[in-house]
Structures are given as structure tokens and as C-alpha cells.
Amino acid sequence: SQQGEEDPQALSIQEGENATMNCSYKTSINNLQWYRQNSGRGLVHLILIRSNEREKHSGRLRVTLDTSKKSSSLLITASRAADTASYFCATVEGAQKLVFGQGTRLTINP
Amino acid sequence: DVKVTQSSRYLVKRTGEKVFLECVQDMDHENMFWYRQDPGLGLRLIYFSYDVKMKEKGDIPEGYSVSREKKERFSLILESASTNQTSMYLCASSRAPNNEQFFGPGTRLTVL
């Protein structure tokens, strides 16, 4: 089945820098969602962007969506140690279920 | 504060045992989901449910069954646990199938 693919698989940056993660998908979507997972915990929903939207902000998060390229990016500005986590994109397949990518592991170094 | 709870954080079972994983949500959501998460494979959908007593197979239903007798509770059953079912199991709920999902903390199951 369709799956979002995050890039890079792992990212390590210094505290205060910006972090950018990318997601590509294969078929048309209803919406695309980003989630965060702290080690050994459940996922937390961060932001949802609909197929007719191009950009969305939430606090230090900025998500873009390019449906012509079938890609999305998540930008975290002014990173903090607490942002260390895995980040997943999820696309809505048909109208029924989310399909998750394998995630980007982000490490913020103090 | 909305909440999805799972019956255990850690569980150790023996091969061949019947295993019940329970999930409860307090948000009156119609939709509930069970995933397993494995390194290198991401999250994979096992089963989901749109309503009480209703269930649909996900991508990897083999070896699992589910039960949804009440709206707030969705149980995952391993009829005869095997070592390849050692994994992190995550439950989620949502108001609509394509809406944001709220996840429980996960159950790390080890089958010996």
C-alpha cells in the first residue's frame, strides 16, 4: 500500500538550529499529517495539512505541501533538546486510514 | 485532557499463550485502530473499527483478532502468541477515519 517516505532517516543538529524533514508519497491524498514520537512512547499529532493547502504553521512548526511533487516538509525552528524524537508523516489512503512512513529520527545536541 | 490508555506498558508471554491487549479511549470516538511498530518497518495497521461490533482488517491481520463490544474499548487478541509477534503495539482513536489520531502509550510485548 501507499506509504509516505521520510528523508533523511536520521538528522542531528545543534540546539537553536532549524531542522527540516521531508516526506514523499505516491498517490493522491486527502490530507497529510505529521506526528512526533518520543522514545518508547505513543505518537503525538503535530499538524494536519489538507490537499488544498500549501503551508501551515503551528508555533515553531511549519509544514508545506506540494501536491504536484507529492511531497511535504516539516520545519522546526529554533530547535530545543525536547524536540529530540522521531517524526512521522502519514497520508490518508482513500477515505479510510492513515499510512505512516518509517520516520526521521531527530537528535538535538546541547 | 483527552486520553487513550492501554492495559499494560510491558508484557511478557510464552509461545502459544492467548494474549489480550486492551485499549480504552475517553473521547467518544467512533474509530479505533491497532498498530504494531517494528524497527525498520514503521507502523503497520493490524485492525481498525468504525463502530461498535464492527471491524476491518488492516495490512497485517494474520494471527490477530479484535473485539469491540463497547464504543470506548477496543481489544486486540493474539490467539496463540508466537515469537514473531514480539513488538510494540499501539492503539489509537479518531473522530473520523482521516482525522488526527490520538495514540495510547504503547504496549511492548515480548513472546518467549
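Residues numbered from 1 in each chain as written. Chains lettered and ligands numbered in written order. Predicted model: local features only at pLDDT ≥ 70, side-chain atom pairs only at ≥ 80, totals over all residues. Heavy atoms only, no water.

## Considerations on the sheet that holds strand β8 (residues 73-78) of chain B
Residue and element names in this part refer to chain B.
So, point 1. Sheet architecture is open: 4 strands sit in the order β1-β3-β8-β7, paired in antiparallel fashion. With partners counted over all chains shown, the strands left at the sheet margins are β1 (4-6) and β7 (64-70), one partner each. Within the sheet, the average angular offset between the axes of one strand and its neighbour, ignoring direction, is 20°.
So, point 2. Examined bridge by bridge, strand β3 (residues 19-25) and β8 share 6 bridges and lie antiparallel to one another. (Pairing = 2+ DSSP bridges. Helix = DSSP H or I, 4+ residues; strand = E, 2+ residues; numbered from the N terminus. Axes fitted to C-alpha atoms, helices over the stretch in contact; angles between N-to-C directions.)

## What to know about the side chain of Gln 85 of chain B
Residues and elements named next belong to chain B.
So, point 1. Relative to the assigned elements, Gln 85 resides in the loop between β8 and β9 (87-94).
So, point 2. A distance of 3.2 Å separates the side chain of Gln 85 from the backbone oxygen of Gly 63, its partner in a polar contact.
So, point 3. Other than its neighbours up to four places away in sequence, Gln 85 contacts Arg 36, Gly 63, Tyr 64, Leu 78, Ser 80, Leu 109 and Val 111. (Polar contact = N/O pair within 3.5 Å; in protein donor to acceptor, adjacent residues only side chain to side chain. Contact = heavy atoms within 4.5 Å.)

## With respect to the interface of chain A and chain B
A common way to state how big an interface is: give the accessible area lost once the parts meet.
So, point 1. With 21 residues of chain A at the interface, the matching set in chain B holds 22 residues.
So, point 2. Of the roughly 1700 Å² buried where chain A meets chain B, counting both sides, 48% is carbon and sulfur surface.
So, point 3. Between chain A and chain B we count 0 salt bridges in total.
So, point 4. Across the chain A-chain B interface, the total number found is 7 residue pairs in polar contact (both at pLDDT 80 or more).
So, point 5. Among the elements of the structure, β4 (31-37), β5 (43-50), β9 (85-93) and β10 (97-100) of chain A are those that each provide at least two residues to the side of chain A that touches chain B. (Buried area = accessible area lost by both parts, 1.4 Å probe. Salt bridge = Lys/Arg side-chain N within 4 Å of Asp/Glu carboxyl O.)

## Some words on the confidence of the model for chain A
So, point 1. Of the residues in chain A, 93% reach a pLDDT of 70 or more, and the chain-wide mean stands at 90.
So, point 2. Element-level pLDDT for chain A is lowest in strand β1 (residues 5-7) of chain A, with a mean of 81, against a maximum mean of 97 in strand β7 (residues 61-66) of chain A. (pLDDT = per-residue confidence, 0-100.)

## A few points about the pattern of salt bridges
So, point 1. Under the criterion given, the structure shown has 10 salt bridges over all chains.
So, point 2. Across the pair Glu 55 of chain A and Arg 62 of chain A runs a salt bridge whose closest N-O atoms are separated by 3.2 Å.
So, point 3. A relative accessible area of 31% means that Arg 62 of chain A is categorised as partly exposed.
So, point 4. Through salt bridges that share partners, Asp 28, Glu 30 and Lys 71 of chain B make up one connected network. (Buried < 20%, exposed > 50% of the residue type's maximum accessible area, 1.4 Å probe, protein only.)

## Topic: the layout of surface pockets
So, point 1. By volume, the largest pocket is sized at about 680 Å³.
So, point 2. Forming the walls of the largest pocket are 28 residues, and the residues nearest its centre are Ser 86, Phe 88, Gln 102 and Arg 105 of chain A together with Gln 37 of chain B.
So, point 3. Looking at the lining of the largest pocket, the elements with two or more residues in it are β1, β9 and β11 (104-109) of chain A together with β4 (31-38) and β9 of chain B.
So, point 4. Residue contributions to the lining of the largest pocket peak at 4 residues, all from β11 of chain A. (1 Å grid on protein atoms, 1.4 Å probe; cavity = no way out; pocket = protein on both sides within 12 Å on 5 of 7 lines; lining within 4 Å. Points joined across faces, edges and corners; volume = space filled by probe spheres on them.)

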